[in-house]
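Architecture and fold: a report
Residues per chain are reported as follows:
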Amino acid sequence: MKLRNQCLVFVCLFMLSSYSLKKEKSYTVSLKDVFKDEFYIGTALSADQIEEKAPKEDSLIRKEFNAITAENIMKSMFVHPQKDKYDFSLADKFVAYGKKNKMFVHGHTLIWHSQLAPWMRKIKDSVEMKAFMKDHINTIVSRYKGRIGSWDVVNEALNEDGTLRKSVFFNTMGDKYLVDAFKLAAKADPKAELYYNDYNIEEPVKRAGAINLIKKIKAGGGKIDGVGIQGHWRLNSPSLNEIEQSILDYSALGLKVAFTELDITVLPNPGDLRGADVNQNFQGNKKMNPYPNGLPDSIQNKLANRYESLFRLFLKHKDKISRVTFWGVHDGQSWLNDWPIKGRTNYPLLFDANLKQKKAYQSITNL
Ligand code: G3I
């Protein structure tokens, strides 16, 4: 009898201690620690987050992420508003924030057709464009030499069919602007890693275009270290096969692969709209905004499963992947609440608008 009681006490003690260990684990676990031996786990920061305006968000960012990208403030219209005027006030804070918190800092973005300052759109010929690119890239990259670890040198240069977009860069310089941009960035900071970044480049036709573009940059003597697959995805597409084939194809070119702007929309999109072209906007109605008051469990589970299978794939190819960055910290701040229809309620990230972990968070940290 005495022995039986002793055994019972022992079993109870064992259960109690493993329960408190588990509790402890779920409290201390963080994305960056879970994946620390595999790849950086990053987030995009808004201007308010860079300025540490919300203490709760700030401590969440510091707990969960070890890499940061500025969601908007390093884009051309903000840092280079006039030909002879740069404004680095927020960009400096962003880089200092990364240093203070020992985070990997990624620069987004140097050459992009969108969010340009109005004066840049008026550049008419190749002489003017070359002078602009030299000044723009050299001034920005040199300023953060040794402090920004990698750059999106060129962003979204491709159309969906894999041809080159007729941007102001292409219209003035033809495809030569691509090689020039990578050469200028490498000259300004030879140690920074240089990326080509785009959406939908896991899809076969656009992927073929991206592979051509990368080969062209290399053939022209440009230094390119990686490709950024943005990852603005949906619950059911793109397929894991397409994503896996992209990881293999890009790394076969000797490049690192980063998932740079990951989020998963749970809302219906007009037609079969895919991607992240911010110029596409549509009128909404109730049918297009089905979850204004919360996400049903069934969809929450689908989102968790989708994230789980993506991260399983990322782990399988961890030797080829440098970074996985989410496009925002929490659902409340996501650009997907306003694209492609304004004013909807979307749930694309791992934390809800109250900063609470979602099931998707558990599904990937449990891996
Ligand atoms: O700066 C103005 C502000 O003065 C004004 O009060 C406010 C009113 O709406 O608008 C502010 O500008 C907004 C800007 O974000 C900064 O907050 C623009 O309207 C808004 O369109 C813009 O959207 C950004 C979008 O890029 C623009 O191209 C999104 O936040 C940002 O998430 C998104 O990020 C892009 C990546 O850079 C590249 N890949 C695709 C991705 C999603 O589109």
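For the structure, check the block above.
Within each chain, residues carry numbers counting from 1 in the order of the written sequence. Given that this is a predicted model, residues contribute local features only at a pLDDT of at least 70 and side-chain atom pairs are listed and counted only at 80 or more, while totals for whole chains, interfaces and linings are drawn from all residues. Side-chain numbers here rest on the full set of heavy atoms in the structure, without hydrogens or water.

Section: the packing of aromatic side chains
So the rule is basically this: Ring pairs are drawn from Phe, Tyr and Trp, using the six-membered ring of Trp, whenever the two centres fall within 6.5 Å, and their geometry is named by plane angle: stacked under 30 degrees, edge-to-face over 60, tilted for the rest. Numbered from the N terminus, helices here are DSSP runs of H or I no shorter than four residues, and strands are runs of E no shorter than two. Each residue's exposure class comes from its accessible area (1.4 Å probe, protein chains only) as a fraction of the maximum for that residue type: buried when under 20%, exposed when over 50%, partly exposed otherwise.
Tallying each qualifying case throughout the model produces 15 aromatic pairs. When the centroid spacing of 5.6 Å and the interplanar angle of 80° are considered together, the rings of W119 and F132 count as edge-to-face. Pair noted here: W119 is in helix α7 (residues 118-121) and F132 is in helix α8 (residues 126-143), with a separation of 13 residues, a long-range link. The same class applies to W119 and to F132, which are both buried.

Here we look at the site of the ligand
Threshold: A cutoff of 4 Å decides nearness: a residue is near a molecule or strand if any of its heavy atoms lies inside that distance of it. Two N or O atoms count as a polar contact when they lie within 3.5 Å, although within protein this holds only if one can serve as hydrogen donor and the other as acceptor, and sequence-adjacent residues are included solely when both atoms are side-chain atoms. For the area figures, the Shrake-Rupley method with a 1.4 Å probe applies, and any residue is considered shielded solely by the protein chains shown. Classification used: nonpolar for Ala, Val, Leu, Ile, Met, Phe, Trp, Tyr, Cys and Pro, charged for Asp, Glu, Lys and Arg, polar for all others including Gly.
Around the ligand sit 17 residues in total, of which E71, K75, H108, E156 and E261 are the nearest. Taking E156, its side chain carries an N or O atom lying 2.8 Å from a nitrogen atom of the ligand. Coverage of the ligand by the protein amounts to 54% of the 800 Å² it exposes when considered alone. The class makeup of the residues in the shell around the ligand is 6 nonpolar, 7 polar and 4 charged.

Description of the environment of A353
Mapped onto the elements of the fold, A353 is located in the loop between β9 (321-326) and α14 (359-365). Residue A353 is classed as partly exposed on the basis of its relative accessible area, which comes to 49%. Residues A353 and G332, 21 residues apart in the sequence, show an inter-C-alpha distance of 4.3 Å.

Here's the deal with empty space enclosed by the protein
Quick note on the threshold: Method remark: on a 1 Å grid restricted to protein atoms, a set of points is classed as a cavity if a 1.4 Å probe fits but cannot get out and as a pocket if it is open with protein on both sides within 12 Å along at least five of seven lines; lining residues have an atom within 4 Å of a point. Grid points are joined across faces, edges and corners, and a volume is the space filled by probe spheres set on the points.
Applying the stated rule across the entire model yields 3 cavities of 30 Å³ or more. Its volume calculated, the second largest cavity comes out at about 40 Å³. Taken together, I111, W112, H113, V154, N155, E156, A157, R165, S167, F169 and Y177 form the lining of the second largest cavity. Elements that contribute at least two residues to the lining of the second largest cavity include exactly β3 (104-112) and β4 (150-155). Residues of the lining of the second largest cavity, tallied by class, amount to 6 nonpolar, 3 polar and 2 charged.

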